Amino acid sequence: MVISPDLENLPYIMIKGVKYFELVAEPVERELLPGLWIRGWGYNGSIPGPTIQVYPGDYVNIRVYNALPEGTSVHWHGLDIPNNMDGVPEIQPTPLIRPKCYFDYHFKITNPPGTHMYHTHHNVAKQEMLGLAGGFIILDPSSPAVDRDYFIMLQEFAVKDLPMGILKPGSYEVGPLNDDLQFFTMNGRCFPATSPLPVMFGERIRIRLANPAMKEHPIHLHGHQFIVTAADGNGIFECARMKKNTIAVSSGETWDIEFEADNPGNWSFHCHIPHHSANNMTKEMGGMLTVVQYCQSRPK
């Protein structure tokens, strides 16, 4: 299974060969840094939402409840599904989910194994920047090619009533239409509140990156070179794979990278845009950064 640090996996129940999931779009308060919270919108109490994991050939039913004060929808980003399940009510037959209502998205997983996303596709400038997004991963049913498999969603937020360059504990409302972004997150946390990525010497590690938001983030790994193995949920033939240590993750993209854990230590893994790795603060207050952490014994 894929590990999404600081996030839950969305559970399901199996009924007559169909996997039934439930998502609740709702106001969410999320702690980005110790004592500093944002008030945005998310799924099942989380920003980003819980990670959905399925297999090729699965039949799924995802019931989405709307506990927001306005209509919403869910788009299954990168999935090849029927038009009436795609979650764009303005141009497709998918209905808008009105407040206190729900809709059942149901489809068969026809894509191969890969990394995808789900996110709102109604009033997107507001709703996506409030946090309505999550990971959607199609697992490989064959033997895993890696020892450890991580998923990280990249997001950014502007908040109201917090001056640029000043960090003060409290709970702040997200300003979704403000382009003066202050907080840059990995799975809804800013460093040093991000959970590290434990590895052991000799392991092969995969990290899946997804960006549903607005800014491009060049993600850099210290101390290692990685191989780019997939783009937007599509595997890259070995003869076409690139060896890099920095990869730009643009809005709407997912990338899978893999590397050998062969250089012990604690290694930074972060957005290389200085303001993004420091939350636009005047001092090093953390941001879109986590740590690849070598362990002496097998991490749990």
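## Concerning the packing of aromatic side chains
Here's step 1: Under the counting rule described, the total for this entry stands at eight aromatic pairs.
Here's step 2: What links up through ring pairs into an aromatic cluster is the set Tyr43, Trp76, Phe103, Tyr105, Phe107, Tyr118 and Phe136.

## As for the sheet that holds strand S19 (residues 246–249)
Here's step 1: Taken in spatial order, the five strands line up as S13-S22-S21-S15-S19 in an open sheet, and their pairing is mixed. Edge positions in the sheet fall to strand S13 (197–199) and S19, since each of these pairs with one other strand and no more. Direction aside, neighbouring strands of the sheet carry axes that sit 20 degrees apart on average.
Here's step 2: With three bridges connecting them, S13 and strand S22 (residues 289–294) associate as parallel partners. If you follow Leu197 over to S22, its bridge partner there is Val292.

## What to know about the state of the cysteines
Here's step 1: For the structure on display, the rule yields zero disulfides.
Here's step 2: No disulfide involves Cys190; its sulfur sits 12 Å from that of Cys271, the nearest cysteine.

## Looking at the side chain of Thr254
Here's step 1: Relative to the elements of secondary structure, Thr254 occurs in strand S20 (residues 254–260).
Here's step 2: Thr254 gets classed as buried once you look at its relative accessible area, which sits at 2%.
Here's step 3: Residue contacts for Thr254: discarding those within four places in its chain leaves Thr115, His116, Met117, Leu209, Ala210, Ala230, Ala231, Asp232 and Gly233.

## Observations regarding the pattern of salt bridges
Here's step 1: With the rule as written, the count across this model stands at 12 salt bridges.
Here's step 2: Put simply, Asp179 and Lys215 hold a salt bridge, and the shortest N to O gap is 3.6 Å. With Asp179 in the loop between strand S11 (170–173) and strand S12 (183–186) and Lys215 in the loop between strand S14 (204–210) and strand S15 (217–221), this residue pair connects regions lying 36 residues apart in the sequence.
Here's step 3: Assessed through its relative accessible area of 46%, Asp179 is described here as partly exposed.
Here's step 4: Where Arg208 meets Asp256, a salt bridge forms, and the shortest distance between an N and an O atom there is 3.8 Å. Here Arg208, found in strand S14, pairs with Asp256, found in strand S20; they are 48 residues apart in sequence, far enough to count as distant. No difference in accessibility class separates Arg208 from Asp256, as the two residues are buried.
Here's step 5: In the salt-bridge network here, residues are joined through shared partners; they are Asp149, Arg204, Arg206, Arg208, Asp256, Glu258 and Glu260.

## So, unusual backbone geometry
Here's step 1: The linkage connecting Ile47 with the following residue, Pro48, adopts the cis geometry, with an omega of -10 degrees.
Here's step 2: Note that the residue after Phe191, namely Pro192, is joined by a cis bond; omega there is 15 degrees.
Here's step 3: Examined against the element boundaries, Pro192 turns out to sit in the loop between S12 and S13.
Here's step 4: For Asn44, which is not a glycine, the phi torsion comes out positive at approximately 55 degrees.
Here's step 5: Note on placement: Asn44 falls in the loop between strand S3 (36–43) and strand S4 (52–54).

## Regarding the nonpolar core
Here's step 1: The biggest cluster of nonpolar side chains holds 40 residues, and the ones touching the most others in it are Leu23, Ile52, Ile62, Trp76, Tyr105, Phe107 and Phe136.
Here's step 2: Going through the elements one at a time, strand S2 (18–33), S3, S4, strand S5 (59–66), strand S7 (102–108) and strand S9 (133–138) are the ones with two or more residues in this core.
Here's step 3: In terms of residue count, S2 provides more of this core than any other element does, six residues in total.
Here's step 4: For Trp76, the contacting residues outside a window of four places in its chain are Leu23, Ile52, Ile62, Ile81, Met85, Asp86, Tyr105, Phe107, Met117, Tyr118 and Phe136.
Here's step 5: In this structure, Met129, Leu154, Met186 and Ile205 belong to the second largest nonpolar core, which totals 30 residues.

## Considerations on the sheet that holds strand S6 (residues 75–77)
Strand pairing in a sheet relies on backbone hydrogen bonds. The paired strands run either parallel or antiparallel.
Here's step 1: Across the sheet, four strands lie side by side as S4-S9-S8-S6; this open sheet has mixed pairing. Every other strand in the sheet has two partners, leaving S4 and S6 as the edge strands with one partner each. Averaged over all pairs of adjacent strands, the angle between strand axes in this sheet comes to 25 degrees, irrespective of strand direction.
Here's step 2: Relative to S9, S4 runs parallel, the two being bridged by three bridges. Paired with Ile52 across the two strands is Phe136, which belongs to S9.

## Comments concerning a nonpolar patch on the surface
Here's step 1: Taken together, Ile13, Ile15 and Tyr20 make up a surface patch of nonpolar side chains, about 260 Å² in accessible area.
Here's step 2: Tracing the sequence through the fold places Ile15 in strand S1 (residues 13–15).

## Describing the layout of surface pockets
Here's step 1: Within this model, the largest pocket holds a volume of roughly 560 Å³.
Here's step 2: Along its surface, the largest pocket is lined by 27 residues, and Asp140, Ala145, Asp149, Arg206 and Arg208 are the ones closest to its centre.
Here's step 3: Listing elements by their share of the lining of the largest pocket, those giving two or more residues are strand S10 (148–157), S14, strand S16 (226–231), strand S17 (234–235) and S20.
Here's step 4: Along the lines of polarity and charge, the residues of the lining of the largest pocket split into 11 nonpolar, seven polar and nine charged.

About the cut-offs
Residues numbered from 1 in each chain as written. Predicted model: local features only at pLDDT ≥ 70, side-chain atom pairs only at ≥ 80, totals over all residues. Heavy atoms only, no water. Phe/Tyr/Trp six-rings, centres within 6.5 Å; stacked < 30°, edge-to-face > 60°. Pairing = 2+ DSSP bridges. Helix = DSSP H or I, 4+ residues; strand = E, 2+ residues; numbered from the N terminus. Axes fitted to C-alpha atoms, helices over the stretch in contact; angles between N-to-C directions. Disulfide = S-S within 2.5 Å. Buried < 20%, exposed > 50% of the residue type's maximum accessible area, 1.4 Å probe, protein only. Contact = heavy atoms within 4.5 Å. Salt bridge = Lys/Arg side-chain N within 4 Å of Asp/Glu carboxyl O. Core = buried A, V, L, I, M, F, W, Y, C linked by side-chain atoms within 4.5 Å. Patch = residues over 30% accessible without salt bridge, like charges linked within 9 Å, V, L, I, M, F, W, Y side chains within 5 Å. Areas by Shrake-Rupley, 256 points an atom, 1.4 Å probe, with all protein chains shown as cover. 1 Å grid on protein atoms, 1.4 Å probe; cavity = no way out; pocket = protein on both sides within 12 Å on 5 of 7 lines; lining within 4 Å. Points joined across faces, edges and corners; volume = space filled by probe spheres on them. Nonpolar A, V, L, I, M, F, W, Y, C, P; charged D, E, K, R; others polar.

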